[in-house]
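Single-letter residue listing:
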Amino acid sequence: MTEKLPKLKNTSWVILLVLAVFLVFSVFIFIKDFPGLRRSFIFRSSEGEGLRIENRFEPVFPQQGRVQNYIDELLLGPVSEHCMPVFAKGTKVIYCLQNGSKLTVNLSRDFLGADAVNTDFRAQIELFKLNVKKNFPGIKEVELFVDGRIPFEKIPEKN
């Protein structure tokens, strides 16, 4: 035995139509004003040994890709004056390639522009890797190059 659906009155159809129009309008406004994806940026504190977190919104579909856009923003440095940049000012991404869960990043030589006596380059690299892995859980390994070379690699002596 089949059951028949109850018939709706004309006023009910009007109410449903008005609700549908409001729903479509709300979705359109939400998409138009959507701020983007929320990303966390971890920087060293300028006031001590601790770390500070900044949250920013990034575009959903950036032209250079989500990972490289995030790295470009990370290299620009913090917005807050209470934080220190991850790398020396002027450091840029030469290339950024993702192959599955491995990310390969080549940074410009400006990375070395910091004071070598007072700068812990290993800590900077670990902070960079931490930032990338926290914001992109699919990336398990980050391989970093500086001007095409692996940092801290011994250069063979010429005979």
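The following paragraphs examine the structure supplied in this document.

Along the protein chain, the regular secondary structure elements total three helices and six strands. Helices and strands in the protein chain line up, N terminus first, as α-β-β-α-β-β-β-α-β. At 25 Å, the protein chain has a C-alpha radius of gyration far larger than the 15 Å of a compact globule built from 159 residues. Projecting the C-alpha coordinates of the protein chain onto the three principal axes gives extents of approximately 95 × 40 × 30 Å. Going through the 159 residues of the protein chain one by one, you find that 30% of them count as buried. For the protein chain, the share of sequence-separated contacts (at least 6 apart) that also reach a separation of at least 24 residues comes to 53%. Each charge class in the protein chain was averaged separately, 22 positive and 18 negative side chains, and the resulting centres sit 9 Å apart.

With that settled, consider the packing of aromatic side chains. Following the criterion strictly, the structure yields four aromatic pairs and no others. Taken together, a centroid distance of 6.4 Å and an interplanar angle of 5 degrees make the contact between Phe41 and Phe43 stacked. Given a relative accessible area of 0%, Phe41 falls into the buried group. Judged by relative accessible area, which is 0%, Phe43 ranks as buried. Plain terms: the ring middles of Phe87 and Phe128 are 5.5 Å apart, the flat faces sit at 40 degrees to each other, and that makes the pair tilted. Here Phe87 is found in the loop between β3 (83–84) and β4 (93–99), whereas its partner Phe128 is found in helix α3 (residues 121–135), with 41 residues between them in sequence. Look at Phe87 and you get buried, because its relative accessible area is 3%. Members of the aromatic cluster, joined through ring pairs, are Phe41, Phe43, Tyr70 and Phe136. Here Arg56 stacks its cationic end above the ring of Phe41, 4.3 Å away from the centre of that ring.

In terms of strand pairing, strand β1 (residues 37–45) meets strand β2 (residues 51–58) through eight bridges, oriented antiparallel. Paired with Leu37 across the strands is Glu58, a residue of β2. Connecting β1 to the next strand, β2, in antiparallel fashion are five residues. In terms of strand pairing, β1 meets β3 through two bridges, oriented antiparallel.

The next subject is helix α1 (residues 10–32). Spacing of three or four residues puts side chains on the same side of an α-helix, whose turn is 3.6 residues. Over its 23 residues, α1 runs 33 Å from end to end, which matches the ideal 33 Å to within 8%, given 1.5 Å per residue. Counting buried positions over the 23 residues of α1 gives zero, only a small fraction of the element.

For the rest of this paragraph, the subject is the side chain of Asn69. On the secondary structure map, Asn69 appears in helix α2 (residues 66–76). Every residue in contact with Asn69, bar those within four places of it in the chain, is listed here: Glu58, Pro59, Pro62 and Gln64.

What follows concerns the side chain of Thr91. By secondary structure assignment, the location of Thr91 is in the loop between β3 and β4. Overall, the relative accessible area of 5% leaves Thr91 in the buried class. Among the polar contacts listed, one links the side chain of Thr91 to the backbone oxygen of Ala88, at a separation of 2.7 Å. Those residues in contact with Thr91 that lie beyond four places of it in its chain are Leu75, Leu107, Ser108, Asp110 and Phe111.

Rules used in this analysis
- Residues numbered from 1 in each chain as written.
- Predicted model: local features only at pLDDT ≥ 70, side-chain atom pairs only at ≥ 80, totals over all residues.
- Heavy atoms only, no water.
- Helix = DSSP H or I, 4+ residues; strand = E, 2+ residues; numbered from the N terminus.
- Rg over C-alpha atoms; globule rule 2.2 N^0.38 Å.
- Buried < 20%, exposed > 50% of the residue type's maximum accessible area, 1.4 Å probe, protein only.
- Contact = heavy atoms within 4.5 Å.
- Lys, Arg positive; Asp, Glu negative; His and termini not counted.
- Charge placed at Lys NZ, Arg CZ, Asp CG, Glu CD.
- Phe/Tyr/Trp six-rings, centres within 6.5 Å; stacked < 30°, edge-to-face > 60°.
- Lys NZ or Arg CZ within 6 Å of the ring centre and 35° of its normal.
- Pairing = 2+ DSSP bridges.
- Expected span 1.5 Å × (residues − 1).
- Polar contact = N/O pair within 3.5 Å; in protein donor to acceptor, adjacent residues only side chain to side chain.

Coordinates in, geometry out; function isn't part of it.
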